[in-house]
Amino acid sequence: MPEGWYHGVFQSSLRFCGLLTCHLQVRMITGDNILTAKSIAKEIGIYTNGIAIEGPDFRKQSPEEQKETLKTMQVMARCSPQDKLTMVRRLKEMGEVSSHVYCVACSIL
């Protein structure tokens, strides 16, 4: 497949779901390295001016630091399943509602 084919697919999906216009914070959580994750997230409109962090760095933070990071985090790369669980727990502690969507197209990349 040509490079960048996913751009239109994800942009269409995000627009269809209204995620970019209804004041929801969309985050990319991936096992990819930070450069790949930031590049793809930027191309599809998720990574704008927020924080991009790697799972190992997130793990080193205290619970309060994690909550502060999550306020503006848009990309978490090199993350483990435990990082995802921790992120959801912190968001719940902050009174946020969290949902996880697995994208098969992401796995193809």
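For the structure given in this document, a descriptive report is provided here. (Residues numbered from 1 in each chain as written. Predicted model: local features only at pLDDT ≥ 70, side-chain atom pairs only at ≥ 80, totals over all residues. Heavy atoms only, no water.)

Attention shifts here to unusual backbone geometry. Positive phi, normally seen in glycine, also occurs at Arg 78, with a value near 50 degrees. You can see Arg 78 is positioned in the loop between strand E3 (73-77) and helix H5 (81-93). (Helix = DSSP H or I, 4+ residues; strand = E, 2+ residues; numbered from the N terminus.)

On to the nonpolar core, then. Counting eleven residues, the largest nonpolar core consists of Val 26, Met 28, Ile 34, Ala 37, Ile 40, Ala 41, Ile 44, Ile 46, Tyr 47, Val 75 and Ala 77. Where this core is concerned, the elements lending two or more residues are helix H2 (34-43) and E3. In terms of residue count, H2 provides more of this core than any other element does, four residues in total. Aside from chain neighbours lying at most four places away, what touches Ala 77 is Thr 30, Asp 32, Asn 33, Ile 34, Ala 37, Ile 53, Glu 54 and Gly 55. Ranked by size, the runner-up nonpolar core spans eight residues in total, among them Ile 53, Phe 58, Leu 70 and Cys 79. (Core = buried A, V, L, I, M, F, W, Y, C linked by side-chain atoms within 4.5 Å. Buried < 20%, exposed > 50% of the residue type's maximum accessible area, 1.4 Å probe, protein only. Contact = heavy atoms within 4.5 Å.)

It is worth spelling out the side chain of Lys 67 at this point. Structurally, Lys 67 is set in helix H4 (residues 63-70). Of note is the side chain of Lys 67, whose polar atom sits 3.3 Å from the side chain of Glu 93. Dropping the residues within four chain positions of it, Lys 67 is found in contact with Arg 90, Glu 93 and Met 94. (Polar contact = N/O pair within 3.5 Å; in protein donor to acceptor, adjacent residues only side chain to side chain.)

This model, assessed by the stated rule, comprises six salt bridges. In this structure, the salt-bridge partner of Glu 54 is Arg 78, at a minimum N-O distance of 3.1 Å. A residue pair is termed long-range when its members are at least 10 positions apart, and Glu 54 in strand E2 (residues 51-54) and Arg 78 in the loop between E3 and H5 qualify at 24 residues. Ionic pairing is found between Arg 59 and Asp 83, a salt bridge with its closest N-O pair at 2.8 Å. Of this pair, Arg 59 sits in helix H3 (residues 55-60) while Asp 83 is found in helix H5, placing the two residues 24 residues apart along the sequence. According to the relative accessible area criterion, Arg 59 is partly exposed, its value standing at 45%. Among the charged side chains, a salt-bridge network with shared partners connects Glu 64, Lys 67, Arg 90 and Glu 93. (Salt bridge = Lys/Arg side-chain N within 4 Å of Asp/Glu carboxyl O.)

With that settled, consider the sheet that holds E2. Strand order in the open sheet formed by three strands is E1-E3-E2, and the pairing between neighbours is parallel. Unpaired on one side and paired on the other, strand E1 (28-29) and E2 mark the two borders of the sheet. As paired elements, E2 and E3 share four bridges and run parallel to each other. Counted as the bridge partner of Ile 53 is Met 76 from E3. Across the sheet, H2 is in contact with E1, E2 and E3; its angle to E3 comes to roughly 140 degrees. (Pairing = 2+ DSSP bridges. Axes fitted to C-alpha atoms, helices over the stretch in contact; angles between N-to-C directions.)

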